[in-house]
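Residues per chain, in single letters:
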Amino acid sequence: MNERATPPPPPLQGIRVIELGNYIAGPGTAMTLGDLGAEVVKIESMEGDMARHTGHFGHAMLRAYNRSKKSIALDLRQPRGKEIARRLIAGADVLVQNLRPGAAEALGLGAEALRAQHPRLVHVSIAGFPAEAPSRDRPGYDIAAQAESGMMSVTGEPGGLPQKVGATIIDAATVQVAAQATLAALFRRERAGIGETIRVSLLEVALNLQLPNWSDYLVRGVEPTRSGDGQPMNAPAADIFRTRDGMVVVSAYVQSHWVRLCEAIGCPELAADARFLTNELRVANRPAMKEAVSARLSRCSMQECVELLTRNNIVVGVVRSYSEALAGEDFRSSRMVIEVAPNGERPGYASFGLPYELCDTPRRPTQAAPAHGAHTEEVLRGAGFGAEEIAALHAAGVIKAEPAGAPS
């Protein structure tokens, strides 16, 4: 009998990450590196990650973006707190921070100061606005980036108010962008032996997410507008059609796809209709196009629409609520859904893993997000601090330690 081959170690095994983060972008970047095998130590203020103080959604952020980390609570306003942070960073490969603009530099933890001492360090700073921009000192949140990048101006119903996207999409995309840049820097370090300073801004990520819109605007100078469910430059594309028992979204703006759609729904004459002969004409006559297609699709159930259009290689999706998506077979078969193990007294929960698979590398077991300061003493002992020294730091209010099951 052949013995099963030993799976390879995770890609970032042996890499140590220090995180100074709040909310999503910083913590999510560090956790992504952790999911790839890195050890992550989260340095929190004495008040903790700000997400700990923002109700149900804040706790959802903590659960989602802080799995399998060690939390140490330090008063970085005190010289001893800064000294401990620098000592921990000296033994790290990556620092990820998304503190308020200028805070890391004021603490002596900016890229210039740290990389002068540790040239191999990969220093990742995440902010709302580019480092050289006039708005660089403004706090940066997902919603500000959506607003200032033009994204809100193209989201919503025609004639209605601009709308935000229904998820923290800029923060989430920033996580992936910052992690990608960090992996590139670590790869280069293996070749050249030097670290890197990485700057990521939510505004630039938000702009990047709209590349087709911006590319068209930069060439033609035509301001994109809100178009509701349909894409402003293509039709049908992201157009919603009602069925007997719900709604589907259909994309068939490529000419050959439009012809196939017309044939599939039993209306080949629509492909020859003068109003719909080209994509541009279908955009100009979108209401009439939608009415014509809806007259046929409304006779079908959602499942019948999916089966019919899929057979004809037409892109179609069922518009689902969260509960409907959760009950769907595609969701339930997704390997993204993971079970997070309890951490001390903190209960386990369902969450999402990385949005891709390394097929030869098993997913790492993961633990619930830590309590505030749950690993302070453990981390300090690992950094060489003795029991008396740790006790003195407690007494001076430099550190805070909570049992692993504490509710913070």
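The structure under discussion appears in the preceding block.
Residues numbered from 1 in each chain as written. Predicted model: local features only at pLDDT ≥ 70, side-chain atom pairs only at ≥ 80, totals over all residues. Heavy atoms only, no water.

A. Looking closely at the overall build of the protein. Summing up its helical and strand segments, the protein has 18 helices and 12 strands in all. Projected onto the principal axes, the alpha-carbon positions of the protein cover approximately 85 × 65 × 45 Å. Counting over 408 residues, the protein shows a buried share of 42%. Long-range contacts, defined here as pairs at least 24 residues apart, represent 69% of the contacts in the protein between residues at least 6 apart. On the protein, roughly 21100 Å² of surface is accessible, and the fraction owed to carbon and sulfur atoms is 56%. (Helix = DSSP H or I, 4+ residues; strand = E, 2+ residues; numbered from the N terminus. Buried < 20%, exposed > 50% of the residue type's maximum accessible area, 1.4 Å probe, protein only. Contact = heavy atoms within 4.5 Å. Areas by Shrake-Rupley, 256 points an atom, 1.4 Å probe, with all protein chains shown as cover.)

B. Structural view of the environment of Gln 367. Structurally, the position occupied by Gln 367 is in the loop between β11 (349–352) and α17 (376–382). The partly exposed category is assigned to Gln 367, whose relative accessible area is 39%. Expressed as a C-alpha distance, the spacing of Gln 367 and Lys 82, which sit 285 residues apart in the sequence, is 28 Å. Setting aside its immediate chain neighbours within four residues, Gln 367 contacts Arg 67, Ser 68, Val 340, Ala 341, Pro 342 and Asn 343.

C. Expanded view of the sheet that holds strand β12 (residues 399–400). Strand order in this open sheet of 7 strands is β6-β5-β4-β1-β2-β3-β12, and the pairing throughout is mixed. Because the sheet does not close on itself, it has two edges, and the strands there are β6 (196–201) and β12. In terms of strand pairing, strand β3 (residues 70–74) meets β12 through 2 bridges, oriented antiparallel. Residue pairing in the sheet places Leu 74 in a bridge with Ile 399 of β12. In the packing of helix α3 (residues 79–90) onto the sheet, the strands contacted are β1 (16–20), β2 (39–44), β3, β4 (94–97) and β12, and the crossing angle to β3 comes to about 150°. (Pairing = 2+ DSSP bridges. Axes fitted to C-alpha atoms, helices over the stretch in contact; angles between N-to-C directions.)

D. Local environment of the nonpolar core. If you look at the biggest cluster of nonpolar residues, it comprises 27 residues, and the most contacted ones within it are Val 17, Val 94, Val 124 and Ile 126. Among the elements of the structure, α1 (25–35), β4, β5 (122–127), α7 (169–192), β6 and α8 (202–208) are those that each provide at least two residues to this core. If one sorts the elements of this core by residue count, α7 sits on top with 5 residues. In this structure Ile 126 touches Ala 25, Gly 26, Thr 29, Val 96, Gln 97, Asn 98, Thr 174, Ala 178, Val 200 and Leu 202, once residues within four positions along its chain are discounted. (Core = buried A, V, L, I, M, F, W, Y, C linked by side-chain atoms within 4.5 Å.)

E. The packing of aromatic side chains, seen in detail. Counted under the stated rule, the structure contains 4 aromatic pairs. Measuring from ring centre to ring centre gives 5.7 Å for Tyr 23 and Tyr 141, while their planes differ by 55°; the resulting arrangement is tilted. On the criterion of sequence distance, the pair formed by Tyr 23 in the loop between β1 and α1 and Tyr 141 in the loop between β5 and α6 (142–148) is long-range, its members being 118 residues apart. Its relative accessible area of 23% is what places Tyr 23 among the partly exposed residues. On the basis of relative accessible area, Tyr 141 is assigned to the partly exposed category, the value being 45%. Here Trp 214 and Tyr 217 contribute two aromatic rings whose centre-to-centre distance is 5.8 Å and whose plane-to-plane angle is 85°, an arrangement assigned as edge-to-face. On the criterion of helical spacing, the pair formed by Trp 214 and Tyr 217 is a turn pair, its members being 3 residues apart in helix α9 (residues 211–220). (Phe/Tyr/Trp six-rings, centres within 6.5 Å; stacked < 30°, edge-to-face > 60°.)

F. Molecular detail of the pattern of salt bridges. Evaluation of the coordinates by the stated rule reveals 24 salt bridges. Put simply, Arg 286 and Asp 239 hold a salt bridge, and the shortest N to O gap is 2.7 Å. With Arg 286 in helix α13 (residues 286–297) and Asp 239 in strand β7 (residues 239–242), the pair connects residues that are 47 residues apart, well separated along the chain. Look at the salt bridges and you will find they share partners, linking Arg 16, Glu 39, Lys 70 and Glu 378 into a network. (Salt bridge = Lys/Arg side-chain N within 4 Å of Asp/Glu carboxyl O.)

G. Representation of the sheet that holds β7 within the structure. If you walk across this open sheet you meet the 3 strands as β7-β8-β9, and the pairing is antiparallel. Since the sheet does not close on itself, it has two edges, and those belong to β7 and β9 (315–318), each with one partner. Ignoring strand direction, the axes of neighbouring strands in this sheet form an average angle of 30°. Of the pairings in the sheet, the one linking β7 to strand β8 (residues 247–251) comprises 4 bridges and is antiparallel in character. Across the sheet, Arg 242 pairs through a bridge with Met 247, a residue of β8. Those strands touched by α13 are β7 and β8, and its axis lies near 40° from that of β7. Helix α14 (residues 302–311) rests against β8 and β9 of the sheet, and its axis sits at about 160° to β9.

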